[in-house]
Amino acid sequence: MSEPTDPPGAAALLADLAEVLPADVLTSDPDILASYAVDRAMFVEPGRAAALVRARNTAQVQQVMRIATRHRVPVVPQGARSGLSGAAIAIDGCILLNVERMNRILEIDPANRLVVTQPGIFNADLSRAVAEFGLYYPPDPASWEFCSIGGNLSTNSGGLCCVKYGVTTDYVLGLELVLADGRLLRTGRRTVKGVAGYDLTKLIVGSEGTLGVITEATLMLRPRAEQPLTLAGLYPSTEAAAAAVSAVVAAGMVPSLLEFMDRASIDAVNQTFKMGFEDHVQAVLLAQSDAGGERTRNDIAQLAQIFEAAGGEVVLAEDPAEGEALLVARRQVLTAFEQFGTTMIDDVCVPRDRLVDLVRGTQALAAKYSLKVGVVGHAGDGNFHPTVCFDPTDAEEALRAKELFDAIMELSLDLGGTITGEHGVGTMKIDLLEREIGDVALDLHRRIKQAFDPFGILNPGKVFRA
Ligand SMILES: Cc1cc2nc3c(=O)[nH]c(=O)nc-3n(C[C@H](O)[C@H](O)[C@H](O)COP(=O)(O)OP(=O)(O)OC[C@H]3O[C@@H](n4cnc5c(N)ncnc54)[C@H](O)[C@@H]3O)c2cc1C
């Protein structure tokens, strides 16, 4: 087989980039390009990039975009490449524009309760830095130790505490964005309120690198949260656990965490971590309250009552440390699934009263496709992560796993839900986007894209097809 050749024009592109960028920022080394060509998505085929730019500042991002526009080459913005939907993978002939090195916090402003940051900082590092000022940045993806704020903004990330505190978009006040032609756009504000013009900030959040490159973000913070207390409900059936979730919502309660695990997930943590859940436990709910002081204890008591009334056996943590121990099962479940093979994590969201239909439907699909699937998720906001376990070295099984993954998304749409609650569309879910949003919305997506990116060079082929 002959070696792949460089796409036409690659040499001229590299020469132009080399003229304006320092040597330690630009590379075309094939091994390095290959290692940066992927994110953490399964079943996606990365293209062959022409160059990798690891930008250190906004001016370098602007230079790259100007040159990309001149050459009409695609640019793939990248953060930490922890994405699960193939949104950050290379496209043939592209420039991979990685902003991980732009990781400085520019300002923490306790008086206005906000932080101004570069995009490359990891979520956990930003959260720890603002905590030193008694402040709290709530969006908490499970990947927080290894995902960037720019990536969180571009996929509108969520996490465990979103049931009470909302998702990334709820904390964005303003953005600095480098447009496809290299111009700098500033959106939003530093004020609490502001309705001047279209809300371009929210439009950019969740746009997966298709409208511009985020080079700075102004994020709203909250006062430090109180220490939470935790309880678990052990249920004889999914139906009973679902009834408890509905009762919590109906009672007007807003726990700071409300998580669900099905029996397959319980089996996984039992086997890997010797958790000791008994056989009759078919579903587990975990809940927290951080209301503060007496209110926390009152909340937990009310949650315990609701959990019991729905047929659950309640386990109460006496203090935060015990609470963390209760949460270990949920936090470690993905690792536990790895004993069954490679895992592919779906990310669907259904109306909260369709939990049973989603779990039962997924179990039926797992049986149909003869594969192991565990359902865990954020019961409080209807966002579930059915996790498909399979052997990637068995081509037939891998194909079945992908079909099952897609069937779970179809199920979610049938239940009035969405194909993605927090991981984004990327390349993995592109085929189902049209079914979810319809052709009028798709047409508008294309026109908006055209306004931001007339030559279609920003992450083309991600989210939707041109
Ligand atoms: C084990 C594991 C657990 C996870 N748990 C969660 C979870 O609980 N909640 C959740 O929401 N996600 C979760 N994720 C998914 C992933 O971590 C998030 O989608 C995260 O926001 C991606 O950030 P990143 O920096 O890695 O972005 P990347 O993967 O590098 O990029 C993601 C997208 O953002 C774009 N992008 C990145 N930076 C910029 C920028 N500066 N400007 C413009 N576009 C940009 C890319 O083009 C791409 O479209 C998990 C992933 C793993 C592997």
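On a predicted model such as this, the values are computed, not experimentally measured, just so you know.

Q: What am I meant to see in the packing of helix α14 (residues 395-414) against helix α15 (residues 430-452) here?
A: When two helices pack together, their arrangement is given by the angle between the helix axes and by the axis-to-axis distance. The geometry of α14 relative to α15 is characterised by a closest axis approach of 11 Å and an angle of 5° between their N-to-C directions. If you check the angle between α14 and α15, you find them roughly parallel. The residues of α15 that touch α14, namely those facing D406, M409, E410, L413 and D414, are L432, R435 and E436. Of the residues in the contact of α14 with α15, the class split is 3 nonpolar, no polar and 5 charged.

Q: Which parts of the structure should I look at to understand the site of the ligand?
A: Around the ligand sit 35 residues, and of these P77, S82, S143, S148 and S157 come closest. The contact in question runs from an oxygen atom of the ligand to an N or O atom on the side chain of S148, over 2.6 Å. Within the side chain of E422, one N or O atom sits 3.2 Å away from a nitrogen atom of the ligand. Summarising the interface, the protein chains cover 95% of the accessible area of the ligand, which totals 970 Å² for the free molecule. Of all elements in the fold, only β3 (75-78), α5 (149-155) and β10 (213-220) reach the threshold of two or more residues within the shell around the ligand. It is α5 that contributes the most residues to the shell around the ligand, 5 residues altogether.

Q: Explanation requested: the pattern of salt bridges in the structure shown.
A: All chains considered together, the criterion is met by 23 salt bridges. With a shortest N-O distance of 3.0 Å, R447 and D443 are connected by a salt bridge. Here the residue R447 and the residue D443 both occupy positions in helix α15, the gap between them amounting to 4 residues, near one helical turn. Ionic contacts of the salt-bridge type, sharing partners, join the residues E107, D109 and R190 into one network.

Q: What is the right way to read the packing of aromatic side chains from this model?
A: Pairs of aromatic rings are described using the distance from one ring centre to the other and the angle between the two planes. One pass over the structure, following the stated rule, counts 5 aromatic pairs. Ring geometry for Y235 versus F307: centroids 6.2 Å apart, planes at 70°, classification edge-to-face. Of the two residues, Y235 is situated in strand β12 (residues 229-235) and F307 in helix α10 (residues 293-309); the sequence distance between them amounts to 72 residues. Residue classification places Y235 among the buried positions, given a relative accessible area of 1%. Ring plane angle 85° and centroid distance 6.1 Å describe the contact between F260 and F384, whose orientation is recorded as edge-to-face. Here the residue F260 occupies a position in strand β13 (residues 257-262), and F384 occupies one in strand β19 (residues 383-390), the gap between them amounting to 124 residues. The pair F260 / F384 is uniform in exposure class, with both members buried. If you follow R81 out to its NZ or CZ, it ends over the ring of Y36, 4.5 Å from the centre.

Q: Explain unusual backbone geometry here, please?
A: The general pattern is negative phi for most residues beyond glycine and trans for most peptide bonds. Phi at E208 is positive, roughly 55°, even though this residue is not glycine. Position of E208 relative to the elements: it lies in the loop between α7 (200-204) and β10. Located in the positive-phi region is S370, a residue other than glycine, with phi close to 50°. Here S370 lies in the loop between α13 (355-368) and β18 (372-378). Overall, S370 belongs to the exposed group, its relative accessible area being 57%.

Rules used throughout
- Residues numbered from 1 in each chain as written.
- Predicted model: local features only at pLDDT ≥ 70, side-chain atom pairs only at ≥ 80, totals over all residues.
- Heavy atoms only, no water.
- Axes fitted to C-alpha atoms, helices over the stretch in contact; angles between N-to-C directions.
- Helix = DSSP H or I, 4+ residues; strand = E, 2+ residues; numbered from the N terminus.
- Parallel < 35°, antiparallel > 145°, perpendicular 65-115°, else oblique.
- Contact = heavy atoms within 4.5 Å.
- Nonpolar A, V, L, I, M, F, W, Y, C, P; charged D, E, K, R; others polar.
- Near = heavy atom within 4 Å.
- Polar contact = N/O pair within 3.5 Å; in protein donor to acceptor, adjacent residues only side chain to side chain.
- Areas by Shrake-Rupley, 256 points an atom, 1.4 Å probe, with all protein chains shown as cover.
- Salt bridge = Lys/Arg side-chain N within 4 Å of Asp/Glu carboxyl O.
- Phe/Tyr/Trp six-rings, centres within 6.5 Å; stacked < 30°, edge-to-face > 60°.
- Buried < 20%, exposed > 50% of the residue type's maximum accessible area, 1.4 Å probe, protein only.
- Lys NZ or Arg CZ within 6 Å of the ring centre and 35° of its normal.

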